[in-house]
Amino acid sequence: MRRTLALLAVAATSMVALAFLIPLGLIVREIAHGRAMAEAERQASALVPVLAITVDPARLTHAVLSTGARDRIAVHLPGGGSVGRVRAGAETVAAVSRLTRAITSETSTGYLLLRPVALDGDRTVVIEIFVPSSDLSRGVATSWAVLTGVATVLVVGSVLVGDRLGVRVVRSARRLGRAASSLGAGDLSVRIEPEGPPELVAAGEAFNTMADRVIQLLAAEREMAADLSHRLRTPLTALRLSLDHLGPEAEQSRRSLSRLESEVDEIIAAARRPSRAPKFVYCDAAQVLRERLTFWSALAEDQQRPWELIGADAPIRVPVAAGELNAVVDALLGNVFRHTPEGTAFTVTLHQGSGTVGMLIADAGPGISDPETALRRGASGSGSTGLGLDIARQLAESSGGAMRIDASSLGGARVQLWFRTDQRDPTPRATRRLVGNRWSRKKATR
């Protein structure tokens, strides 16, 4: 902004200065030229009274010397003689002697002023005055330098004034930008003191109003989430009482119910927790996959589903919370069990690349005909809301990664989750193809 205002000030002031200074420079040159020629006329006029008295060469020589410019003045006598240094040709002098007015003639080194003076007896004397080029431009360079200095001062002054005005605008805009960045980072307490031009003052007031409204909306959303989660406790309690009457056979169901209750408690606690700026968290993706595949293996064995976990032997850190990754893995595996027939095989692959970690879940089911539609919440069809895929996509993009859905080598669908691990560029980037097949494989027992 400041640079733009400075350039505008330079352009505008330069055009105005040039519009006035160029004509002034030409006028100064013309004045210097006219001044030099007027001085030559004065010198010629000073000799006219002497010529009216005498044309004696000796006296005329004395008169020429008395002017102080003997090297520039010459007198052409009627008889063909001359006094002083002659520069004009004889033909030119003869032509001027027949005229009644003075003329000027340009030479390589200056101008010649030739003035005829009529004497008695039809005699004519021609006074020759030489004006060198240095006299014609005397003082012009100094005047032009002064005008250039004035133009420079005007341009610099306009830039300084424009910069001072720009500082006021830029300071207000930067303060508004920093406040917006802090609000986007999670600092809901940030406010600004509106200042600057009326437009920026209005923008600052609108920002403060927006921040207040965001706090109100988030508070209402947290209260609603806490209330809805709290309502789940009653049916969960009833379900636990029913499971307690089933004996040891329902132990697996009771463990699942306990995990569900802990998740509900965590949702309530998170909803009641004040909002704050997000922090970087990490978890071991390999451990999460091993734990979740152990949980789902029992159902896979009941449905006679072959499955395979690949690349989860060594710890692999990803920049997401373990609880969120657990929920995403459960959602994606739940989709496999829900939307593919019993006995359908599936694989889970964990791949660590340069600055990325990929989690690929593939199955041998019927596949997904429209992957783009499946990623939109509420549009996946088959009785699903698409919420699980949408949550998975948001989790991948929160680390700067991305999510893709394509066909798997098993013949069904493959969901690819890519997480950025360097955290240098938060923007999602395209997923990478898996090259080679060097990951260790672990086949679960059924």
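Residues numbered from 1 in each chain as written. Predicted model: local features only at pLDDT ≥ 70, side-chain atom pairs only at ≥ 80, totals over all residues. Heavy atoms only, no water.

As annotated in an unreviewed UniProt entry, the protein is Signal transduction histidine-protein kinase/phosphatase MprB from Streptosporangium subroseum. In UniProt, the protein has this text filed under Subcellular location (unreviewed entry): "Cell membrane". (UniProt positions renumbered as here; feature names shortened; annotations may be inferred.)

What to know about the overall build of the protein
Check the secondary structure of the protein and you find 12 helices and 13 strands. A burial count over the protein gives 35% of its 446 residues as buried. At a minimum sequence separation of 6, the contacts of the protein that also span at least 24 residues come to 63%. Of the roughly 26,100 Å² that the protein leaves accessible, carbon and sulfur atoms contribute 57%. (Helix = DSSP H or I, 4+ residues; strand = E, 2+ residues; numbered from the N terminus. Buried < 20%, exposed > 50% of the residue type's maximum accessible area, 1.4 Å probe, protein only. Contact = heavy atoms within 4.5 Å. Areas by Shrake-Rupley, 256 points an atom, 1.4 Å probe, with all protein chains shown as cover.)

Examining a nonpolar patch on the surface
There is a patch of nonpolar side chains on the surface, built from Val16, Phe20, Leu24, Ile27 and Ile31 and spanning about 490 Å² of accessible area. Relative to the assigned elements, Phe20 resides in helix H1 (residues 2-53). Looking at Phe20, the relative accessible area reads 57%, which means it is exposed. (Patch = residues over 30% accessible without salt bridge, like charges linked within 9 Å, V, L, I, M, F, W, Y side chains within 5 Å. Salt bridge = Lys/Arg side-chain N within 4 Å of Asp/Glu carboxyl O.)

A few points about the nonpolar core
Membership of the largest hydrophobic core comes to 36 residues, with the highest contact counts inside it found for Leu325, Phe346 and Leu417. Breaking this core down by element, the ones donating at least two residues are helix H9 (285-302), strand E7 (307-310), helix H10 (322-339), strand E9 (346-352), strand E10 (356-363), helix H12 (387-398), strand E11 (402-407) and strand E12 (413-420). Core analysis: the second largest hydrophobic core is formed by 22 residues, Val75, Leu77, Leu113 and Leu136 among them. (Core = buried A, V, L, I, M, F, W, Y, C linked by side-chain atoms within 4.5 Å.)

Quick look at the sheet that holds strand E2 (residues 82-84)
On the basis of which strands lie adjacent, the open sheet formed by 5 strands has the order E2-E1-E5-E4-E3 and antiparallel pairing. Bordering the open sheet on either side are E2 and strand E3 (103-106), each of which pairs with just one other strand. When strand polarity is set aside, the average angle formed by the axes of neighbouring strands in this sheet is 20°. In this structure, strand E1 (residues 73-76) lies alongside strand E5 (residues 123-132), joined through 4 bridges in antiparallel fashion. Counted as the bridge partner of His76 is Val126 from E5. Packing of helix H2 (residues 57-66) onto the sheet brings it into contact with E1 and E2, and relative to E2 it is tilted by some 30°. (Pairing = 2+ DSSP bridges. Axes fitted to C-alpha atoms, helices over the stretch in contact; angles between N-to-C directions.)

Concerning the side chain of Asn208
Among the secondary structure elements, Asn208 is positioned in helix H6 (residues 198-231). Residue contacts for Asn208: discarding those within four places in its chain leaves Arg191, Ile192 and Pro194.

Things to note about the packing of H9 against H10
For any two helices packed against each other, one specifies the inter-axial angle together with the distance between the axes. Contact geometry of H9 with H10 gives a least axis separation of 10 Å together with a crossing angle of 35°. Between H9 and H10 lies a crossing of right-handed hand. Judged by residue contacts, Ala285, Val288, Leu289, Arg292, Leu293, Trp296, Leu299 and Ala300 of H9 engage Leu325, Asn326, Val329, Asp330, Leu333, Gly334 and Phe337 from H10. Of the residues that constitute the contact of H9 with H10, the class distribution is 11 nonpolar, 2 polar and 2 charged. (Left-handed = near helix turned anticlockwise from the far one by under 90°. Nonpolar A, V, L, I, M, F, W, Y, C, P; charged D, E, K, R; others polar.)

A few points about empty space enclosed by the protein
Within the structure shown, the criterion is met by 2 cavities of 30 Å³ or more. The calculated volume of the largest cavity comes to roughly 50 Å³. What lines the largest cavity is Ser172, Arg175, Leu176, Ile192, Glu193, Pro194, Glu195, Leu200 and Gly204. Those elements that place two or more of their residues in the lining of the largest cavity are helix H5 (140-184) and H6. Ranked by residue count, the leading element in the lining of the largest cavity is H5, at 3 residues. (1 Å grid on protein atoms, 1.4 Å probe; cavity = no way out; pocket = protein on both sides within 12 Å on 5 of 7 lines; lining within 4 Å. Points joined across faces, edges and corners; volume = space filled by probe spheres on them.)

Topic: the pairing of E7
Of the two faces of E7, the one lined by Trp307 and Leu309 and the one lined by Glu308 and Ile310 are each fully buried. Note that E7 and E9 share 4 bridges and pair parallel. What sits directly across from Glu308, in E9, is Thr347.

Overview of the environment of Asp56
By the element assignment, Asp56 lies in the loop between H1 and H2. For Asp56, a relative accessible area of 34% puts it in the partly exposed group.

Focus on the packing of aromatic side chains
How two aromatic rings sit relative to each other is set out by the distance from centre to centre and by the angle between their planes. Applying the stated criterion across every chain, the model contains 4 aromatic pairs. Centre to centre, the rings of Trp296 and Phe337 are 5.1 Å apart; their planes meet at 25°, and the pair counts as stacked. In this pair, Trp296 sits in helix H9 while Phe337 sits in helix H10, placing the two residues 41 residues apart along the sequence. Among the residues examined, Trp296 registers a relative accessible area of 13% and is labelled buried. With a relative accessible area of 10%, Phe337 lands in the buried category. Measuring from centroid to centroid gives 5.7 Å for Phe337 and Phe346, while their planes differ by 65°, and the two rings are edge-to-face. Taken individually, Phe337 and Phe346 each receive the classification buried, so the pair is uniform in this respect. Aromatic rings pair up to connect Phe295, Trp296, Trp307, Phe337 and Phe346 into one cluster. Above the plane of the ring of Phe130 lies Arg87, whose end atom (NZ or CZ) is 4.2 Å from the centre. It is Arg305 that lies over the ring of Phe337; its NZ or CZ is 4.8 Å from the centre. (Phe/Tyr/Trp six-rings, centres within 6.5 Å; stacked < 30°, edge-to-face > 60°. Lys NZ or Arg CZ within 6 Å of the ring centre and 35° of its normal.)

Thoughts on the pattern of salt bridges
Under the defined criterion, the tally for this structure stands at 11 salt bridges. For the salt bridge of Arg42 with Glu39, the shortest nitrogen-to-oxygen distance reads 2.5 Å. Here Arg42 pairs with Glu39, and both are found in helix H1, just 3 residues apart, close to one helical turn. The salt bridge involving Arg292 is made with Asp330; its shortest N-O contact spans 2.9 Å. A residue pair is termed long-range when its members are at least 10 positions apart, and Arg292 in helix H9 and Asp330 in helix H10 qualify at 38 residues. Residues Arg292 and Asp330 agree in their burial class; the two are buried. Members of the salt-bridge network, linked through shared partners, are Arg72, Asp135 and Arg138.

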